[in-house]
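Survey of secondary and tertiary structure
Here is how the chains run, residue by residue.
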Amino acid sequence: STAMNNANGVKTGFNKKYAKGRKMVTKVNLNMRDYPENGKVKTTVPKGKAVMWYGYWAIVNNVVWYYVAYGKTEGYVYGGILNSDKAPYLTNARP
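Our subject in this report is the structure included herewith. Since we're looking at a predicted model, the values are computed, not measured.

Here's the deal with the layout of surface pockets
Its volume calculated, the largest pocket comes out at about 260 Å³. Taken together, 15 residues form the lining of the largest pocket, with Asn 15, Trp 53, Tyr 66, Arg 94 and Pro 95 sitting closest to its centre. Only strand S3 (22–25), strand S6 (50–60) and strand S7 (63–70) provide two or more residues apiece to the lining of the largest pocket. Looking at the lining of the largest pocket, its residues break down into 10 nonpolar, three polar and two charged.

Points about the packing of aromatic side chains
Under the counting rule described, the total for this entry stands at six aromatic pairs. When the centroid spacing of 5.7 Å and the interplanar angle of 85° are considered together, the rings of Trp 65 and Tyr 78 count as edge-to-face. With Trp 65 in strand S7 and Tyr 78 in strand S8 (residues 73–81), this residue pair connects regions lying 13 residues apart in the sequence. Ring geometry for Tyr 78 versus Tyr 89: centroids 5.5 Å apart, planes at 50°, classification tilted. Of this pair, Tyr 78 sits in strand S8 while Tyr 89 sits in the segment after S8, and the two are 11 residues apart along the sequence. Judged by relative accessible area, which is 22%, Tyr 78 ranks as partly exposed. A relative accessible area of 33% places Tyr 89 in the partly exposed class.

What counts, and at which threshold
- Residues numbered from 1 in each chain as written.
- Predicted model: local features only at pLDDT ≥ 70, side-chain atom pairs only at ≥ 80, totals over all residues.
- Heavy atoms only, no water.
- 1 Å grid on protein atoms, 1.4 Å probe; cavity = no way out; pocket = protein on both sides within 12 Å on 5 of 7 lines; lining within 4 Å.
- Points joined across faces, edges and corners; volume = space filled by probe spheres on them.
- Helix = DSSP H or I, 4+ residues; strand = E, 2+ residues; numbered from the N terminus.
- Nonpolar A, V, L, I, M, F, W, Y, C, P; charged D, E, K, R; others polar.
- Phe/Tyr/Trp six-rings, centres within 6.5 Å; stacked < 30°, edge-to-face > 60°.
- Buried < 20%, exposed > 50% of the residue type's maximum accessible area, 1.4 Å probe, protein only.

Have a look at this one:
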């Protein structure tokens with residue numbers, strides 16, 4: 001797992017264990033943003049739809065954001081509190 005700290009307190013990284021893709025399903029209508037936390041909403045992924053995570057993540061203020069693909073759209077979705085092991089809005093995710 002590689003990590004990089006950006007000046008604005010966003011830590012990003014890549015977990016190559018998931019480079020082939022891990023399917024996660026939304027439990028709610030979930031906003032996808034162009035940047036973690038307060039980024040612009042690119043689209044809202046409807047409840048019950050699959051997104052693919054390829055190992056890229058960001059951590060802001062102790063919250064994990066997954067960089068995922070939904071169809072042809074890519075962006076950040078809320079994962080959960082770091083090390084909580086609970087993703088309130090996604091299946092198959094363990095922040």
